[in-house]
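An overview of the molecular structure
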Amino acid sequence: MKVAIGSDHGGFTLKEEIKLLLAAADIEYQDFGTHSDDSVDYPDFARPVSEAVAKGEYDRGILICGTGIGMSITANKVPGIRASLCHDCFSAKATREHNDANILCMGERVVGRGLALEITRLWLSTEFLGGRHQRRLDKITALEGGQQ
Ligand code: RB5
């Protein structure tokens, strides 16, 4: 699995923690920045990560900002992206099983480090269930103007 990861300044510290988790799990990743806690604009990181995932250059993406909200709003503007804002383990598992979420968003100012890492582990290791859920995703794709 190849993962694209990005954050703004509000998510910088958590992004660095998640990179350690990915490295320890032997998961290949590319860091799209930001590279410090200097103030930046979250769309400048959400957009390239989302476009790279939508193009199939990466299997999954992870985006962190202060709340996770700006990242998820931006990511979901990119056709083919199903970005989920998750701050609990139930949602992280369900959004993989039901929504085949390809980007995980979290807010560093919302969730503690331990829970964020557990959410990430669960989200990365849970498979999409397909079946009736695929029919629903096809309806989202149709809304984007793509093939059903
Ligand atoms: C930056 O202050 C903050 O607005 C950003 O990290 C994020 O929470 C936006 O949704």
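Since we're looking at a predicted model, the values are computed, not measured.

**Some points on the site of the ligand**
- Looking at the ligand, the residues that line it are D8, H9, Y42, C65, G66, T67, G70 and R109.
- For the ligand, an oxygen atom lies 2.8 Å from a polar atom in the backbone of G66.
- Considered on its own, the ligand offers 290 Å² of accessible surface; in the complex 72% of this is hidden by protein.

**Quick look at the packing of helix α1 (residues 12-24) against helix α5 (residues 113-125)**
- Between α1 and α5, the shortest axis-to-axis distance is 10 Å and the interhelical angle comes to 45°. Classed by the angle they form, the pair α1 and α5 counts as oblique. Where α1 crosses over α5, the two elements pack in a sense that is right-handed. On the side of α1, the interface is formed by L14, E17, I18, L21 and L22, while α5 contributes R113, A116, L117, T120, R121 and L124.
- Split into classes, the residues belonging to the contact of α1 with α5 amount to 7 nonpolar, 1 polar and 3 charged.

**Things to note about the side chain of K15**
- Structurally, the position occupied by K15 is in helix α1.
- With residues up to four places along the chain from it excluded, the contact list for K15 reads I5, G6, S7, D31, G33, T34 and I64.

**Overview of the packing of helix α4 (residues 89-99) against α5**
- Between α4 and α5, whose axes approach to 9 Å, the crossing angle comes to 20°. By the angle class used here, α4 and α5 are roughly parallel. Crossing of α4 against α5: the hand is right-handed. Between α4 and α5, the contacting residues are C89, A92, K93, T95 and R96 on the first element and L115, E118, I119, L122 and W123 on the second.
- Split by residue class, the contact of α4 with α5 holds 6 nonpolar, 1 polar and 3 charged.

Rules and cut-offs
- Residues numbered from 1 in each chain as written.
- Predicted model: local features only at pLDDT ≥ 70, side-chain atom pairs only at ≥ 80, totals over all residues.
- Heavy atoms only, no water.
- Near = heavy atom within 4 Å.
- Polar contact = N/O pair within 3.5 Å; in protein donor to acceptor, adjacent residues only side chain to side chain.
- Areas by Shrake-Rupley, 256 points an atom, 1.4 Å probe, with all protein chains shown as cover.
- Axes fitted to C-alpha atoms, helices over the stretch in contact; angles between N-to-C directions.
- Helix = DSSP H or I, 4+ residues; strand = E, 2+ residues; numbered from the N terminus.
- Parallel < 35°, antiparallel > 145°, perpendicular 65-115°, else oblique.
- Left-handed = near helix turned anticlockwise from the far one by under 90°.
- Contact = heavy atoms within 4.5 Å.
- Nonpolar A, V, L, I, M, F, W, Y, C, P; charged D, E, K, R; others polar.

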